[in-house]
Amino acid sequence: MVSRQMPSVALDRAEDIHAFQLEAHRTVDWIAWYLEHSETFPVVSRVRPGEIRSQFASEPPDDGVGTRGALEEVRERILPGITHWNSPEFMAYFAISGSPPGILAELVCAAFNVNGMLWETSPAATELEQLTLDWLRQMLGLPQALFGLIYDTASISTLCAVAAARERALPDVRGHGLSGGPQLTLYCSAEAHSVVDKAAMVLGIGHDQVRKVTTDNELRMNPMQLAQMVRADRTAGYLPFCVVATVGTTSTTSIDPVSDIAYVCEESSLWLHVDAAYGGAAAIVPEMRWVLQGCDRADSLCLNPHKWLLTPVDLSVLYTRDPQQLRAAFSLVKPYLETGHDEEVTNLMDYGPQLGRRFRALKLWLVLRAYGVNGLQSVIRRHLQLAAELEEWVQTAPAFELMAPRHFSTVCFRAIPSREAETACEALNRAILNRVNRSGDAYISHTQIQGRYALRVAIGHMWTERNHVERLQELLTEAAAAVT
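It should be emphasised that the depicted structure is a prediction, and the values quoted were computed from it without experimental measurement. (Residues numbered from 1 in each chain as written. Predicted model: local features only at pLDDT ≥ 70, side-chain atom pairs only at ≥ 80, totals over all residues. Heavy atoms only, no water.)

What exactly am I supposed to notice about the packing of helix 1 (residues 13–37) against helix 2 (residues 66–78) here?
When two helices pack together, their arrangement is given by the angle between the helix axes and by the axis-to-axis distance. In the contact formed by helix 1 and helix 2, the axes pass within 11 Å of each other and the chain directions differ by 15°. Comparing their axes, helix 2 and helix 1 come out roughly parallel. Here the hand of the crossing between helix 1 and helix 2 comes out right-handed. For the pair formed by helix 1 and helix 2, the contact residues are Glu23, Arg26, Thr27 and Trp30 on the first element and Thr67, Arg68, Leu71, Glu72 and Arg75 on the second. Of the residues assigned to the contact of helix 1 with helix 2, the class counts are two nonpolar, two polar and five charged. (Axes fitted to C-alpha atoms, helices over the stretch in contact; angles between N-to-C directions. Helix = DSSP H or I, 4+ residues; strand = E, 2+ residues; numbered from the N terminus. Parallel < 35°, antiparallel > 145°, perpendicular 65-115°, else oblique. Left-handed = near helix turned anticlockwise from the far one by under 90°. Contact = heavy atoms within 4.5 Å. Nonpolar A, V, L, I, M, F, W, Y, C, P; charged D, E, K, R; others polar.)

In structure tokens:
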């Protein structure tokens, strides 16, 4: 008889659950302390490359240190390597909030540990997703006929939308592929996010076939040039199939004229996808509903509740008025996935590339249920007001100038030297950025606007208040004076 050596740590259910109970209380207390005191940490991690990894052995541990020991290592060794996105002083990229309800939802989601690939594998995962996205649709003022799905990020939401567009243009593509077929062309503005290019690369369309439409003086897509480019490509033998418009571009949050773009798409039978990953959430505020004007005519639209609706990363929503096209692009049901309910339910695995699906809807549902529409509207209104005040400060500060119109809660500006070339101006602003971020009291980012270097402040954390923005203004003024 072959003897079997028992593991050095017995995975006893009762002991594990008891340890979990003890450490969960301690950990939740620590998380609450962290959320309350996140401003005491430098917003940007100050560790050097490789420093975190060097604290641990290169080989996996033979013996465990227990849950408490591992959590202590998180606080002592891993925490110094965290850049604190969940801090009210984080104003880079698009600031995000892991709100208390969302954090607790992540805990419950991990405890359930369901895979919502089929309705039957967890009915609540499917039905709560459908319910929550219908609530959100109503909050945004979007048409009732839209079908909603949750993915991880806008990268995947956009990829799936472009895949559906490709399926409509070439119905045989899932079987025969693109080889030997017409060359597809995809259109977006020069300000569109790189996810459009990545979608073209992944789907076999090719990066070279992504047409970048010029923008106007407010960095919005030019519909007239779009129409001209589509006609020129058709004449040259290409097959135009999809346009991606943006509501809230990454650099400056500009808003493409979706209504005019929709007209071009309707005239030319093109799929219209709207990337509203950041800006779309503003439409839950009635006075900001205008930002989605024309989006009711789009074939698909995505937005990220993890950017501006207090939902922890990651959660992106895709709406489409043609779910059957999306299903045709991805559905592939093997016999072992068939159930007795398939004719009467929606199986979410049929609408994307992944089979496994986390119960992400629980996060968004719990945030909506905890704060309600009024609570979320008040947060967005406060961010808009703080950004307006920062914009006014930039316009009146003699050392700075505004670089782009402000539509949401993101402000783009730069310091201006008295008499210097553009290259010197860029060096000056890089130095200001580095000085502000090294202070530990704020984190801002930068961008390029029509070839010019700009500082970029995105106000979006649920606990960012006026004192944080005023402190940033002090840092900017001090940095500009120090490096000039």
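I tried to follow the packing of aromatic side chains on my own but got confused; where do I start?
For any pair of aromatic rings, geometry is given as the distance between the ring centres together with the angle between the planes. Applying the stated criterion to the full structure yields 15 aromatic pairs. Ring plane angle 15° and centroid distance 5.6 Å describe the contact between Trp30 and Tyr34, whose orientation is recorded as stacked. Linking Trp30 with Tyr34, this pair stays in helix 1, spanning four residues, or about one helical turn. Overall, the relative accessible area of 24% leaves Trp30 in the partly exposed class. Judged by its relative accessible area of 12%, Tyr34 is buried. Where Tyr34 meets Phe41, the ring centres are 5.9 Å apart and the plane angle is 45°; that geometry is what we call tilted. Counting every residue linked through ring pairs, the aromatic cluster contains Trp30, Trp33, Tyr34 and Phe41. The lysine or arginine in question, Arg77, covers the ring of Phe56, its NZ or CZ lying 5.3 Å from the ring centre. It is Arg456 that lies over the ring of Phe94; its NZ or CZ is 4.6 Å from the centre. (Phe/Tyr/Trp six-rings, centres within 6.5 Å; stacked < 30°, edge-to-face > 60°. Buried < 20%, exposed > 50% of the residue type's maximum accessible area, 1.4 Å probe, protein only. Lys NZ or Arg CZ within 6 Å of the ring centre and 35° of its normal.)

Any chance you could explain the nonpolar core here in plain terms?
Side chains that are nonpolar tend, in soluble globular proteins, to be buried together. Counting 64 residues, the largest nonpolar core has Val247, Leu272, Leu292 and Tyr319 as the members making the most contacts within it. Sorting elements by how many residues they give to this core places helix 12 (residues 361–396) first, with nine residues. Leaving out residues up to four positions away in the same chain, Leu272 has contacts with Val243, Ala245, Val258, Ile261, Ala262, Cys265, Ala298, Asp299 and Ser300. Among the nonpolar cores identified, the runner-up in size contains 36 residues, and Tyr151, Val173, Ala199 and Cys302 belong to it. (Core = buried A, V, L, I, M, F, W, Y, C linked by side-chain atoms within 4.5 Å.)

When you look at the pattern of salt bridges in this model, what are you seeing that I'm missing?
Oppositely charged side chains can form a pair if their charged atoms are brought close together. Scanning all chains against the criterion turns up 23 salt bridges. Linking Asp233 and Arg211 is a salt bridge whose minimum nitrogen-to-oxygen distance equals 3.0 Å. Within this pair, whereas Asp233 is found in helix 8 (residues 223–235), its partner Arg211 is found in strand 3 (residues 210–213), the two being separated by 22 residues in sequence. The same class applies to Asp233 as to Arg211, namely buried. For the salt bridge of Arg466 with Glu389, the shortest nitrogen-to-oxygen distance reads 2.6 Å. (Salt bridge = Lys/Arg side-chain N within 4 Å of Asp/Glu carboxyl O.)

Help me understand unusual backbone geometry in this model?
Across residues other than glycine, the phi torsion is negative in most instances, and most of the peptide bonds are trans. Between Val313 and the following residue, Asp314, the backbone shows a cis peptide bond with an omega angle of 10°. Its place among the elements puts Asp314 in the loop between helix 10 (305–308) and strand 7 (316–320). One non-glycine residue, Asn113, adopts positive backbone phi at about 55°. Counting through the fold element by element, Asn113 comes out in the loop between helix 3 (100–112) and helix 4 (123–140). Located in the positive-phi region is Thr253, a residue other than glycine, with phi close to 60°. Within the secondary structure, Thr253 sits in the loop between strand 4 (239–246) and helix 9 (258–268).

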